[in-house]
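Spelled out, the chains give:
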Amino acid sequence: MQQSTDTIVVRSSWRALVAAIATISAVGVAIGLGIPLLSVILENRGHSATMIGLNAAVAGIASIVAAPFAASIAARLGVVPTLLIMLLIGACSFFGFYVFSDFWVWVVLRVFLHFALTMLFILSEYWINTAAPPEKRGLVLGVYATVLSMGFALGPWLFSRIGSTGITPFAVGFGIIIFAMLPVLLAWKESPDFHEEEHVPFAPFIWAVPTATAAVFVFGAVETGGFALFPVYGARIGYSEADAALLLTTIGLGNVLMQIPIGLLSDHVQDRRKILLVCALVGLAGMCILPFITANWYLVAGLFFIWGGVVAGLYTVGLAHLGSQLTGRELASANAAFVFCYAVGMLVGPQALGLGMDAMGPGGFAVSLAIFFAGYALLVGSRLIRRRN
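Residues numbered from 1 in each chain as written. Predicted model: local features only at pLDDT ≥ 70, side-chain atom pairs only at ≥ 80, totals over all residues. Heavy atoms only, no water.

- As annotated in an unreviewed UniProt entry, the protein is MFS family permease from Phyllobacterium myrsinacearum.
- Taken from UniProt, the Subcellular location (unreviewed entry) comment for the protein reads in full: "Cell membrane". (UniProt positions renumbered as here; feature names shortened; annotations may be inferred.)

Take a look at the structure:
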């Protein structure tokens, strides 16, 4: 009888994992499509890189606002109803970019879109962490990161196929987000309980594991800023719209192949900060090499494949470390802090890259990203040295 009960629990956990991973990965496809799509349209309308970066950075503001409210909203409405409401808000906001063309209306739409997306990420990742078997957490999070990366890779590929004109890209994004409701509905009964009286404020957890929260801050800045400004960077150094989009796809493909090995490795390394340091140094090296190989598209594609896969380890390893250190209500609050730091990175990254490109020309793209990686490498290196001493 005990064995039968355990089997039911395991099956229920895996159904929950499949639902949460499938939902957030479908949203990842829409994000991968939407970020370069909106940047290219703004560039074609004559907006500066700084203004394009500002529009993208609004996503970070919305995420910062959303993170503190995720637990209380989910406690009041329930996890699944909250996910469904946020998916609907996200889908309508995405299609709104086609309906309206005014720059400042787009700013408002980005606020709604990324408020909803932040709620989706916090609650989905909490769902994944609570459903994952403790002894397989690294593997589960590696699978999650892999499938999510496939979504991010598929988004730019779709963009390269359907382009930036007409209703098609917006209708596709709307449909993908609406489709993400299906796995949530199928796993309604497996959603975690979320009681408001159990909620712990998330702010202290920003500093509880600084190398993890700083890692996700850097990743948020690099990912959002890079995806938002690379189409502009590519156009300014002579790449076609499709070629630039395909280079973003190679980053996503690197993520797809490397996150499970990185996740498994994190389960067998005593101090995960060493892996985080390697990820930062690879990120820094890639940006130092990029300006010298842009004339060869295939070399850039190969660099981005390796660079993107390793850099994404900042998120995977950081999240696995968080899940191994905390449980229950503390984990929920820590996950909110984790996403909050990612959101701050989303706010800072596009602005930093936009200002860098306006000040230094196209070369400012690689320089700005290199500064993020160098700063984080110094932080992790200093903490490793301090521990050794």
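Back to the write-up after that little detour.
## A word on the overall build of the protein
- A count of helices and strands for the protein gives 16 helices and zero strands.
- For 389 residues, the compact-globule estimate of 2.2 N^0.38 gives 21 Å, and the C-alpha radius of gyration of the protein, at 20 Å, lies within 12% of that figure.
- Judged by the C-alpha coordinates and their principal axes, the protein covers about 65 × 55 × 35 Å.
- For the protein, the residues scored as buried account for 58% of the 389 residues in total.
- Summarising the internal contacts of the protein: among those between residues at least 6 apart in sequence, 85% fall at separations of at least 24.
- Approximately 15700 Å² of the protein is accessible, and the part contributed by carbon and sulfur atoms is 69%.
- Averaging the coordinates of the 18 positive side-chain charges in the protein and doing the same for the 17 negative ones gives two points 7 Å apart. (Helix = DSSP H or I, 4+ residues; strand = E, 2+ residues; numbered from the N terminus. Rg over C-alpha atoms; globule rule 2.2 N^0.38 Å. Buried < 20%, exposed > 50% of the residue type's maximum accessible area, 1.4 Å probe, protein only. Contact = heavy atoms within 4.5 Å. Areas by Shrake-Rupley, 256 points an atom, 1.4 Å probe, with all protein chains shown as cover. Lys, Arg positive; Asp, Glu negative; His and termini not counted. Charge placed at Lys NZ, Arg CZ, Asp CG, Glu CD.)

## Quick look at the domain arrangement of the protein
- On domain assignment, one finds that the protein holds domain 1 (13–191) and domain 2 (200–388).
- Taken over C-alpha atoms, the centre of domain 1 sits 19 Å from the centre of domain 2.
- Counting residues at the interface gives 46 residues for domain 1, matched by 45 residues for domain 2.
- Summed over both partners, the interface of domain 1 with domain 2 comes to about 3800 Å²; 73% of that surface belongs to carbon and sulfur atoms.
- At the junction of domain 1 and domain 2, the tally comes to zero salt bridges.
- Across the domain 1-domain 2 interface, the total number found is two residue pairs in polar contact (both at pLDDT 80 or more).
- For the side of domain 1 that touches domain 2, the elements supplying multiple residues, two or more each, are helix H1 (2–44), helix H2 (49–66), helix H5 (103–131) and helix H6 (137–162). (Domains from an automatic or database assignment. Buried area = accessible area lost by both parts, 1.4 Å probe. Salt bridge = Lys/Arg side-chain N within 4 Å of Asp/Glu carboxyl O. Polar contact = N/O pair within 3.5 Å; in protein donor to acceptor, adjacent residues only side chain to side chain.)

## Here we look at the nonpolar core
- Formed by 134 residues in total, the largest nonpolar core has its most connected members in Tyr144 and Leu314.
- Per-element tally for this core: the top contributor is H1, with 18 residues.
- Here this core spans two domains, since at least three of its residues come from each of domain 1 (13–191) and domain 2 (200–388).
- With residues near it in sequence (within four places) discarded, Leu314 still touches Ala215, Val218, Phe219, Leu276, Cys279, Ala280, Phe373 and Tyr376. (Core = buried A, V, L, I, M, F, W, Y, C linked by side-chain atoms within 4.5 Å.)

## Some remarks on H2
- Between its terminal C-alpha atoms H2 stretches 26 Å, which fits the 26 Å expected from 18 residues at 1.5 Å a residue.
- Taken across its 18 residues, H2 has 13 buried, putting it largely inside the fold. (Expected span 1.5 Å × (residues − 1).)

## Quick look at a nonpolar patch on the surface
- Taken together, the side chains of Leu77, Ile85, Ile89, Val108 and Phe112 make up a nonpolar region of the molecular surface, amounting to roughly 420 Å² of accessible area.
- Secondary structure elements with two or more residues in the nonpolar patch: helix H4 (79–99) and H5.
- Owing to a relative accessible area of 45%, Leu77 belongs among the partly exposed residues under this scheme. (Patch = residues over 30% accessible without salt bridge, like charges linked within 9 Å, V, L, I, M, F, W, Y side chains within 5 Å.)

## Concerning empty space enclosed by the protein
- One pass over the structure, following the stated rule, counts five cavities of 30 Å³ or more.
- Counted as a void, the largest cavity has a volume near 340 Å³.
- Only H1, H5, H6, helix H10 (210–236), helix H14 (313–325) and helix H15 (328–360) provide two or more residues apiece to the lining of the largest cavity.
- Of the residues forming the lining of the largest cavity, the biggest block, five residues, is contributed by H6.
- Among the residues forming the lining of the largest cavity, the class breakdown is 16 nonpolar, seven polar and one charged.
- Split by domain, the lining of the largest cavity shows at least three residues from each of two domains, domain 1 (13–191) and domain 2 (200–388).
- Space inside the second largest cavity adds up to approximately 180 Å³.
- What lines the second largest cavity is a set of 18 residues, among which Val222, Glu223, Phe227, Ile251 and Trp307 lie closest to the centre.
- Counting residues per element, the ones that place at least two in the lining of the second largest cavity are H10, helix H11 (241–266), helix H13 (297–311) and helix H16 (364–388).
- At six residues, the largest contribution of residues to the lining of the second largest cavity is made by H10.
- Among the residues making up the lining of the second largest cavity, the classes are represented as 14 nonpolar, three polar and one charged. (1 Å grid on protein atoms, 1.4 Å probe; cavity = no way out; pocket = protein on both sides within 12 Å on 5 of 7 lines; lining within 4 Å. Points joined across faces, edges and corners; volume = space filled by probe spheres on them. Nonpolar A, V, L, I, M, F, W, Y, C, P; charged D, E, K, R; others polar.)

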